[in-house]
Amino acid sequence: MPKMNLEERIEMSIARSKPNVFLRKDFERFGGYDQVGRALRAAIRKGFLVKAGYGIYVKAKKSSITGNPIPVVPLVQLGLEALSKMGVEADVGASAKEYISGKSTQMPMAPVVNIGKARVARKIGFGGKQIRYEK
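Here is a short report on the structure shown in this document. (Residues numbered from 1 in each chain as written. Predicted model: local features only at pLDDT ≥ 70, side-chain atom pairs only at ≥ 80, totals over all residues. Heavy atoms only, no water.)

**What about the pairing of strand 2 (residues 49-53)?**
As a general feature of sheets, a regular strand has side chains that alternate between the two faces. With four of its five residues buried, strand 2 lies for the most part within the structure. Alignment of strand 2 against strand 3 (residues 56-62), held across four bridges, turns out to be antiparallel. Among the inter-strand pairings, Leu49 is bridged to a residue of strand 3, identified as Lys59. Here strand 2 hands over to strand 3 after two residues, with Gly55 in that stretch at a positive phi of 75°. (Buried < 20%, exposed > 50% of the residue type's maximum accessible area, 1.4 Å probe, protein only. Helix = DSSP H or I, 4+ residues; strand = E, 2+ residues; numbered from the N terminus. Pairing = 2+ DSSP bridges.)

What follows is the structure, given as structure tokens:
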């Protein structure tokens, strides 16, 4: 049986992993910075991953409408997972909490994440939509 190249090893690791969001440092064990970068770009071209920000990658699925790769999780969940991997305690925004608890009937339209007192400037998003932060 031939050995797998780096791209195949990363694709297999993505397919087997439970988390949907990956940081670039999750792939450091596979090789050097440039080599991993090339393999991640290849995974994006093949549709296994989509890029959601600087060093943030998300498992992808094919869109039933356009056929293009899209994230397997909603934007708010993507942001929460990415921030928790970066060590930031985050939660859904105040308007989403009110909607979930039944205090409000208005569904929040913008993906908002409450980051508490943390300072976050990173842009997390996909397809022209980005997460907004509230304190």
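Picking up where we left off.
**Structural notes on the sheet that holds strand 9 (residues 132-134)**
Spatial strand order, 5-6-9: three strands in an open sheet with mixed pairing. Two strands bound the open sheet, and with one partner strand each, they are strand 5 (91-92) and strand 9. The sheet contact formed by strand 5 and strand 6 (residues 112-114) spans two bridges and is antiparallel. Its bridge partner being in strand 6, Asp91 is matched across the sheet by Asn114. Sheet contacts for helix 3 (residues 75-85): strand 5, strand 6 and strand 9; angle to strand 6, the most-contacted strand, approximately 35°. (Contact = heavy atoms within 4.5 Å. Axes fitted to C-alpha atoms, helices over the stretch in contact; angles between N-to-C directions.)

By themselves these figures say nothing about function.
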